Amino acid sequence: MTPKERVKRTFEFEKTDRVTIGYETNGAVHMRLSQALGIPDGNLELVYRALGVDYRGVCPAYIGPELFTAPEGRRVDPLEGFIMRWVPNENGGYWDFCDFPLKDADDEDFDNFPIPDPDDFDYTGAVEYAASVGREYALYVGNPGVPDIINSNGRIMGMEDVLCHLILGDEAALSLIQRRSDFFLARMERTIEACREYIDFVWLGEDLGTQIAPMISLELYRERLKPIHKRFIDLAASYNLPVLIHTCGSSSWVYEDFIELGVRGVDTLQPEAHNMSPEYLVSRFGGRLNFRGCISTAGPLAYGTPDDTERVCRETLEIMMPTRGYHFAPTHAIQDNTPVENIIAMYNAAHKYGRY
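Residues numbered from 1 in each chain as written. Predicted model: local features only at pLDDT ≥ 70, side-chain atom pairs only at ≥ 80, totals over all residues. Heavy atoms only, no water.

Engineer: Is there a simple way to explain unusual backbone geometry in this structure?
Structural biologist: Across residues other than glycine, the phi torsion is negative in most instances, and most of the peptide bonds are trans. Here the bond from valine 146 into proline 147 is cis, since omega is -15°, no more than 30 degrees from zero. Assignment of secondary structure puts proline 147 in strand β8 (residues 138-147). With a phi close to 50°, aspartate 99 is a non-glycine residue in the positive phi region. By secondary structure assignment, the location of aspartate 99 is in the loop between β6 (92-98) and α4 (107-112). Given a relative accessible area of 41%, aspartate 99 falls into the partly exposed group. (Helix = DSSP H or I, 4+ residues; strand = E, 2+ residues; numbered from the N terminus. Buried < 20%, exposed > 50% of the residue type's maximum accessible area, 1.4 Å probe, protein only.)

Engineer: For this particular structure, what's the right way to read the packing of aromatic side chains?
Structural biologist: All told, the structure shown has 19 aromatic pairs when counted by the stated rule. Centroid distance phenylalanine 11 to phenylalanine 201: 5.0 Å. Interplanar angle 45°. Geometry classified as tilted. In this pair, phenylalanine 11 sits in helix α1 (residues 3-11) while phenylalanine 201 sits in strand β9 (residues 201-205), placing the two residues 190 residues apart along the sequence. By relative accessible area, which is 2% here, phenylalanine 201 ends up buried. With a centroid separation of 5.3 Å and 40° between ring planes, the pair formed by phenylalanine 183 and phenylalanine 184 is classed as tilted. Residue phenylalanine 183 is classed as buried on the basis of its relative accessible area of 5%. Positioned above the aromatic ring of tyrosine 137, the side-chain terminus of arginine 56 is 3.8 Å from the ring centre. Here the guanidinium or amino end of arginine 314 rests over the ring plane of tyrosine 353, the centre of that ring lying 5.9 Å away. (Phe/Tyr/Trp six-rings, centres within 6.5 Å; stacked < 30°, edge-to-face > 60°. Lys NZ or Arg CZ within 6 Å of the ring centre and 35° of its normal.)

Engineer: Even after reading the chapter, I still don't get the state of the cysteines, so can you show me in this structure?
Structural biologist: A disulfide bridge is the covalent bond that connects two cysteines by way of their sulfur atoms. In the structure shown here, the tally under the stated rule is 0 disulfides. Here cysteine 248 stays free of any disulfide, with the sulfur of cysteine 294 as its closest cysteine sulfur at 12 Å. Of the residues examined, cysteine 248 reaches a relative accessible area of 10% and is grouped as buried. No disulfide involves cysteine 294; its sulfur sits 11 Å from that of cysteine 313, the nearest cysteine. (Disulfide = S-S within 2.5 Å.)

Engineer: Quick question: what am I supposed to make of the packing of helix α8 (residues 171-194) against helix α9 (residues 218-238) here?
Structural biologist: When two helices pack together, their arrangement is given by the angle between the helix axes and by the axis-to-axis distance. At a minimum axis separation of 10 Å, α8 and α9 run at an interaxial angle of 10°. Here α9 runs roughly parallel to α8, going by the angle between their axes. Together, Leu174, Ile177, Gln178, Ser181, Asp182, Phe184, Leu185, Met188, Glu189 and Ile192 of α8 and Arg224, Ile228, Arg231, Phe232 and Leu235 of α9 make up the contact between the two elements. Here the residues of the contact of α8 with α9 are counted per class, giving 9 nonpolar, 2 polar and 4 charged. (Axes fitted to C-alpha atoms, helices over the stretch in contact; angles between N-to-C directions. Parallel < 35°, antiparallel > 145°, perpendicular 65-115°, else oblique. Contact = heavy atoms within 4.5 Å. Nonpolar A, V, L, I, M, F, W, Y, C, P; charged D, E, K, R; others polar.)

Engineer: I'm lost on the nonpolar core in this one. Help?
Structural biologist: Soluble globular proteins: nonpolar side chains tend toward being buried together. Counting 96 residues, the largest nonpolar core has Tyr255, Leu281, Phe291 and Phe328 as the members making the most contacts within it. With 9 residues, α8 is the largest single contributor of residues to this core. In this view, leucine 281 contacts Ser252, Tyr255, Leu269, Asn275, Met276, Gly286, Phe291, Cys294 and Met320; residues no more than four positions away in its chain are not counted. (Core = buried A, V, L, I, M, F, W, Y, C linked by side-chain atoms within 4.5 Å.)

Engineer: Honestly, helix α5 (residues 123-133) in this entry has me stumped. Any pointers?
Structural biologist: Each α-helix winds once per 3.6 residues, and so residues spaced three or four apart point in a common direction. Looking at α5, one finds that the buried residues are Tyr123, Ala126, Ala130 and Val133. Along the axis of α5, the buried positions cluster into a sector of 95°, meaning they face one direction only. Turned more than 90 degrees from where α5 packs its buried face, Thr124, Glu128 and Ser132 sit exposed. One side-chain oxygen at the N-terminal end of α5 lies 3.4 Å from the backbone nitrogen of threonine 124; it belongs to aspartate 122. (Arc of directions from axis to C-beta. Polar contact = N/O pair within 3.5 Å; in protein donor to acceptor, adjacent residues only side chain to side chain.)

Engineer: I tried to follow the pattern of salt bridges on my own but got confused; where do I start?
Structural biologist: Where side chains of opposite charge bring their charged atoms close, a pairing between them can arise. Counted according to the given criterion, the structure contains 26 salt bridges. Notably, a salt bridge pairs arginine 231 with aspartate 182, separated by 2.6 Å at the nearest N-O pair. In this pair, arginine 231 sits in helix α9 while aspartate 182 sits in helix α8, placing the two residues 49 residues apart along the sequence. One salt bridge in this structure joins arginine 222 and aspartate 257, with 2.8 Å as the shortest N-O distance. (Salt bridge = Lys/Arg side-chain N within 4 Å of Asp/Glu carboxyl O.)

Engineer: Just to check I follow, could you spell out the pairing of β6 for this structure?
Structural biologist: One face of the sheet, then the other: side chains in a regular strand alternate in exactly this way. Pairing analysis gives 7 bridges linking strand β5 (residues 83-89) to β6, with the strands arranged antiparallel. By the bridge assignment, methionine 84 is partnered in β6 with phenylalanine 97. Linking β5 to β6, which pair antiparallel, is a turn of 2 residues. (Pairing = 2+ DSSP bridges.)

Engineer: How should I be thinking about helix α6 (residues 149-157) in this particular structure?
Structural biologist: Buried residues dominate α6, accounting for 9 of its 9 residues. Those residues of α6 that sit buried are Ile149, Ile150, Asn151, Ser152, Asn153, Gly154, Arg155, Ile156 and Met157. Residues of α6 that are buried make contact with β6, α4, β8, α7 (159-168), α8 and α9.

Engineer: What is the right way to look at the sheet that holds β6 in this model?
Structural biologist: Within the open sheet, the 3 strands sit side by side as β4-β5-β6. Their pairing is antiparallel. In this open sheet, the two edge strands, each paired with only one partner strand, are β4 (75-76) and β6. Both β4 and β5 contribute to a ladder of 2 bridges, which runs antiparallel. Residue arginine 75 lies in a different strand from β5, and its bridge partner there is methionine 84.

Engineer: Honestly, the sheet that holds strand β12 (residues 290-295) in this entry has me stumped. Any pointers?
Structural biologist: Strand pairing in a sheet relies on backbone hydrogen bonds, with the paired strands running either antiparallel or parallel. The 8 strands are arranged β1-β13-β12-β11-β10-β9-β8-β2 in an open sheet whose pairing can be described as parallel. Across the chains shown, the open sheet's two edge strands, defined by having one partner strand only, are β1 (20-21) and β2 (55-58). Bridge analysis of strand β10 (residues 243-247) against strand β11 (residues 265-268) gives 4 bridges, and the strand direction is parallel. Its bridge partner lying in β11, isoleucine 245 is registered against valine 266.

Just geometry here; none of it tells us what the structure is for.
Below you can see the structure in the form of structure tokens.
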């Protein structure tokens, strides 16, 4: 099968030649893996092809005016305005969120916070990219950060503030959350419409769990988040596109609501989190939801041997594959402390044991 056919059939719970394959890593380990694969410059497309990754994302480039300025020694996201600082570690380092610009904000701060204009994007360039890969590979619009109401707003308000605003119903904060969601939705609709002959699914995100329990109550989810999620899922349905939604941590408590909304698949699936093991997910939701992930980035992949990694991948595939609808992938970006030989063992296992 072509990758595009494989992904489409997987979303429909139909038999395929093998499971679909996904890949996400941090930058430093990506470069080490790339060099081990004989790709010295880290070219992502070539790494995708070497590993057998079945899909690509399309997002129009921003071409509008500068919205945010980075403070000295910091990095700022040009569209969302969250601020990051470099945190070194023994494996290199990473950019972590800090200096939350809307922490303890007043109504005027919320009202004046910049939001991109959906007109200020290069949709023509997006179509050109989609046409270059979208006939062979499956193509998605969105990503795990869309709309990601808790996380994306937590990066600019601070996590404590955003949770308090959601619980207490702060009008100015909720208005900003809605306006930011409106932007994501409008850009997504423009992108789908421009690239509609190539798009195969919509990828959303909303982290809803800690490792041991829900992050918020089901009642709060239904009151504040679900109506926003419904707008994105309804947009996808209007184009007959399946929806995959990323949910870190213990999130299966909300999956029945996802099914009701029309979500086709769930992503990340950290097996060590409460009620997120492959066995639990298959027993409760098999045949009703696609599953993407379950290969833990905090287990043998990071801390074991290649044999340990192959074993956990084989066992996960044996549990997930019979109900079909399984997308093989790490539970999150593979971290920089992960041995390259384990990553190679992971993807070799997908090709070895992931065939129907």
